[in-house]
Protein chains: 4
Amino acid sequence: MSGIKCIKDSEFVRGNVPMTKEEIRMVSLSKLQADDNSIIFDIGAGTGSVSVNQALNTPKASIFAFERDGEAIDLIEKNIERFGVKNVHIVYGNAPDSFKGVPVPTHAFIGGSGGRLHEIVYELINLNPDIHIVFNGITLENTAAMLDEIREHPEFSGSGIVQLSVSRARKANALHMMQGENPVYIIDMRK
Amino acid sequence: MSGIKCIKDSEFVRGNVPMTKEEIRMVSLSKLQADDNSIIFDIGAGTGSVSVNQALNTPKASIFAFERDGEAIDLIEKNIERFGVKNVHIVYGNAPDSFKGVPVPTHAFIGGSGGRLHEIVYELINLNPDIHIVFNGITLENTAAMLDEIREHPEFSGSGIVQLSVSRARKANALHMMQGENPVYIIDMRK
Amino acid sequence: MSGIKCIKDSEFVRGNVPMTKEEIRMVSLSKLQADDNSIIFDIGAGTGSVSVNQALNTPKASIFAFERDGEAIDLIEKNIERFGVKNVHIVYGNAPDSFKGVPVPTHAFIGGSGGRLHEIVYELINLNPDIHIVFNGITLENTAAMLDEIREHPEFSGSGIVQLSVSRARKANALHMMQGENPVYIIDMRK
Amino acid sequence: MSGIKCIKDSEFVRGNVPMTKEEIRMVSLSKLQADDNSIIFDIGAGTGSVSVNQALNTPKASIFAFERDGEAIDLIEKNIERFGVKNVHIVYGNAPDSFKGVPVPTHAFIGGSGGRLHEIVYELINLNPDIHIVFNGITLENTAAMLDEIREHPEFSGSGIVQLSVSRARKANALHMMQGENPVYIIDMRK
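These notes cover the structure that comes with them. (Residues numbered from 1 in each chain as written. Chains lettered and ligands numbered in written order. Predicted model: local features only at pLDDT ≥ 70, side-chain atom pairs only at ≥ 80, totals over all residues. Heavy atoms only, no water.)

What about the relation of the copies chain A and chain B?
Stated precisely, the cut-off is as follows: Alignment of copies: least-squares fit on C-alpha atoms of residues with pLDDT of at least 70 in both copies. Here a residue-residue contact requires only that any non-hydrogen atoms of the pair lie within 4.5 Å.
Taken as rigid bodies, chain A and chain B are interconverted by a rotation of 180° and an axial shift of 0.0 Å, the fit giving an RMSD of 0.0 Å. Interpreted geometrically, this transformation is the action of a two-fold axis. When C-alpha distances to the rotation axis are compared across chain A, the minimum falls at Ser165(A), with a value of 2.5 Å. Of the interface residues in chain A, 100% have counterparts in chain B that sit at the interface too, so the contact is made through matching surfaces.

Pasting the structure below:
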């Protein structure tokens with residue numbers, strides 16, 4: 001059955017691991033433009049929300065969720081099970097070292113980089129010079145670092161940068177109070 | 001082929017008609033959750049960007065683009081042709097009067113209401129008490145009017161409200177200047 | 001000594017009462033344009049941050065802090081003491097009933113209205129048809145209600161509406177993570 | 001007469017030179033915390049809106065408006081005249097070269113840096129190790145560059161970073177449409 005599959009934040013098993021919120025996640029996946037033939041790296045997979053939501057939209061793609069934190073790995077496993085997806089493969093370890101032995105990616109989502117963003121982008125482009133990368137930046141430093149990558153790779157001429165700020169209504173008595181969520185830079189690096 | 005289809009703003013034929021921007025459009029379509037069995041009303045269709053982008057994701061759904069402005073109708077036709085979609089039907093006239101004779105909707109996107117939001121929502125719920133509506137508000141008055149609808153229909157208990165503010169990088173010399181776009185309220189009215 | 005006096009949020013005694021944040025407060029006071037001859041109502045004074053910060057900028061103005069919550073009254077007293085201001089007078093009770101016996105205002109800041117916004121604005125204009133009001137809206141309903149006031153009083157032709165979204169850097173390890181605060185509508189109602 | 005003086009954007013002579021908008025300007029001046037004893041550098045003064053608005057609040061301070069663009073210099077002169085301020089001195093040339101011969105600053109506002117931000121900050125701290133700097137960043141690159149300065153000068157331990165996004169109502173028929181303005185980073189560098 002066709003149609004965009006969107007998972008509500010509250011449907012995921014979460015724990016204390018930070019999660020890419022629904023609107024940020026859906027805009028990021030929309031920009032990633034993966035399909036059933038894609039091999040997708042989800043780097044810094046956290047709760048696995050990006051991997052699992054991508055899997056629902058592309059059940060035949062190969063999705064690799066890279067994560068170095070044990071608690072997060074547990075959550076990814078639980079979310080894979082909860083949504084019954086069959087095509088998300090967890091890879092434990094530090095990216096980009098953990099890329100070894102994994103098939104060459106066509107697409108990569110970078111939600112976390114453990115301070116090694118330059119190496120990760122370098123290795124992704126090394127593996128596939130035509131890769132399509134979507135990056136989420138929540139710190140000024142990482143966003144600036146990704147901007148450096150855009151500048152160093154002018155051949156990725158289709159790249160774009162947006163910042164998304166979402167505020168969400170919370171009911172307080174009968175009133176709707178808008179609550180600000182953290183703004184996120186979404187950087188789309190493509191040829 | 002599965003996968004989320006996302007059209008870049010620059011790919012549409014646009015003219016002077018205001019257009020729902022990519023990020024707002026994709027979050028709205030994600031919340032709409034239509035599939036190939038859906039009958040979708042796009043009310044105040046403008047350039048047709050929402051209808052056409054939905055059509056790419058659900059090529060077997062029936063999509064009705066309601067629009068009262070002649071210039072906009074032209075653009076919808078051009079965008080239908082440009083993207084080769086077969087399942088968008090243009091309905092000329094003022095909503096909700098123009099709903100007559102059209103199949104009962106399962107989903108509705110409201111991008112414009114011509115000052116008749118209450119009548120439109122009333123008629124949509126009248127046609128299908130289980131309808132799923134996604135509304136885009138760019139004026140304070142229309143957003144407040146949709147809030148009244150949410151309040152008057154507590155049976156739509158899955159409803160939610162977010163405001164999305166997007167800023168987009170524009171290159172000025174070698175620098176990236178962030179430019180603010182208009183904030184949009186996305187109201188999701190569902191049971 | 002001249003110069004804009006701006007108090008940091010962390011300098012106030014706070015407790016659990018919501019506080020108008022520094023940037024929202026300074027923009028609101030800037031729009032209020034009170035001076036040493038002004039009689040200023042601070043309605044829904046909360047922690048007293050607006051009253052006290054105004055008092056530092058206009059030490060000879062008469063400032064009346066209206067508040068109905070006992071815990072908040074305590075905080076206002078503590079903040080008056082902490083900053084040594086002499087011209088903030090606390091008025092306990094429900095606005096606008098509590099306006100009785102207080103001098104006629106030239107300016108009013110509305111930070112909270114206890115669901116009685118229409119009566120409050122009506123009474124302020126009744127007391128002084130040339131009053132200058134600055135309103136802070138954090139719920140959609142109250143913002144819509146203030147919009148109704150603007151519409152019903154077209155003689156206040158200098159009125160304006162802005163929404164301010166502030167995000168603030170928090171240090172996480174050596175990185176600066178931007179954290180979204182709640183967006184606030186600032187409505188300036190003046191002739 | 002005491003009280004915060006705030007100039008509306010529409011009151012300035014503007015031309016084609018970009019101008020710091022009212023809310024950004026007032027938050028920046030609030031954070032600058034200059035008084036009548038201050039010597040204030042306004043670097044990249046543009047239309048002079050920051051200098052002139054500061055001058056109204058601190059009529060005895062010495063304010064130096066540094067600007068390298070001839071068209072902008074004209075505007076600063078016109079705005080000085082329009083608001084009748086006596087304490088804004090225009091310095092033509094490229095900062096920081098143009099700092100020579102000017103009194104040592106106590107405060108600096110950086111609205112533009114002509115690609116020489118590091119030299120400007122270095123020279124400001126060289127002139128006065130206790131200087132208080134407020135920076136406005138509208139490009140990602142300049143904001144990242146100022147972040148580097150914060151990092152290199154940990155002795156400025158009172159520093160803070162906020163991003164302000166303002167949207168402003170524009171009347172379209174009888175409706176208020178919110179229009180996004182460009183988000184600005186305000187970085188406050190102080191000890």
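Quick word on the relation of the copies chain D and chain C
Aligned on chain C, chain D shows an RMSD of 0.0 Å; the corresponding rotation is 180° and the shift along the axis is 0.0 Å. Comparing contact sets, 100% of the residues at the interface of chain D also lie at the interface in chain C, consistent with an isologous, same-surface contact.

Some words on the packing of aromatic side chains
Filter applied, for reference: For Phe, Tyr and Trp, where Trp contributes only its six-membered ring, two rings pair if their centres lie within 6.5 Å, and the inter-plane angle classes them as stacked under 30 degrees, edge-to-face over 60, or tilted in between. Runs of E in the DSSP output that reach at least two residues are strands. Runs of H or I that reach at least four are helices, and both are numbered from the N terminus. The classification of residues rests on relative accessible area computed with a 1.4 Å probe and restricted to protein chains. Under 20% of the type maximum is buried, over 50% is exposed, and intermediate values are partly exposed. Two conditions define a charge sitting above a ring: the NZ of Lys or the CZ of Arg must be within 6 Å of the ring centre, and it must be within 35 degrees of the ring normal.
Going through the model one piece at a time under the given rule, you end up with 20 aromatic pairs over all chains. Relative to Phe64(B), the ring of Phe41(B) has its centre 6.1 Å away and its plane inclined at 75°; by these criteria the two rings are edge-to-face. Highlighted residues: Phe41(B) in strand E1 (residues 39-43) and Phe64(B) in strand E2 (residues 62-67), separated in sequence by 23 residues. Phe41(B) sits in the buried class, given a relative accessible area of 0%. Positioned above the aromatic ring of Phe156(A), the side-chain terminus of Lys191(A) is 5.5 Å from the ring centre.

Overview of the pattern of salt bridges
Short version of the rule: Each salt bridge in this description consists of a side-chain nitrogen of Lys or Arg and a carboxyl oxygen of Asp or Glu lying within 4 Å of one another.
If you walk through the whole model with that rule in mind, you get 52 salt bridges over all chains. For Lys31(B), the salt bridge goes to Glu23(A), with nearest N and O atoms at 2.8 Å. Highlighted residues: Lys31(B) in helix H1 (residues 22-32) and Glu23(A) in helix H1 (residues 22-32), drawn from two different chains. Summarising the burial analysis for this pair, Lys31(B) and Glu23(A) share the class buried. Note that Arg151(C) and Asp148(C) form a salt bridge whose closest N and O atoms lie 2.9 Å from each other. Of the two residues, Arg151(C) and Asp148(C) are both situated in helix H5 (residues 140-152); the distance of three residues between them amounts to about one turn of the helix. Given the relative accessible area of 43%, Arg151(C) is considered partly exposed.

Section: the interface of chain D and chain C
Spelled out, the test is: Accessible area that two parts lose when put together, with a 1.4 Å probe and added across both, is what the buried area reports.
Counting residues at the interface gives 36 residues for chain D and 36 residues for chain C. Between chain D and chain C lies a buried interface of about 3,000 Å² when both sides are counted; carbon and sulfur atoms form 57% of it. Linking chain D with chain C are six salt bridges, by the criterion used here. Of the charged contacts in the structure, one is a salt bridge between Glu22(D) and Lys31(C), with a shortest N-O distance of 2.9 Å.

Examining the interface of chain A and chain B
This is how it is decided: Here the nonpolar group is Ala, Val, Leu, Ile, Met, Phe, Trp, Tyr, Cys and Pro; Asp, Glu, Lys and Arg are the charged ones; every other residue, Gly included, is treated as polar. Think of it this way: DSSP has to see at least two bridges between two strands before they count as a pair.
At the junction of the two partners, chain A supplies 36 residues and chain B supplies 36 residues. When residues of the side of chain A that touches chain B are traced back to their parent elements, those giving at least two are H1, strand E6 (160-172), strand E7 (175-180) and strand E8 (184-189) of chain A. By residue number, the principal contributor to the side of chain A that touches chain B is E6(A), which donates nine residues. Here the residues of the side of chain A that touches chain B are counted per class, giving 16 nonpolar, 11 polar and nine charged. Two strands pair when backbone bridges link them, and E6(A) and strand E6 (residues 160-172) of chain B are joined in this way by seven bridges, in the antiparallel orientation.

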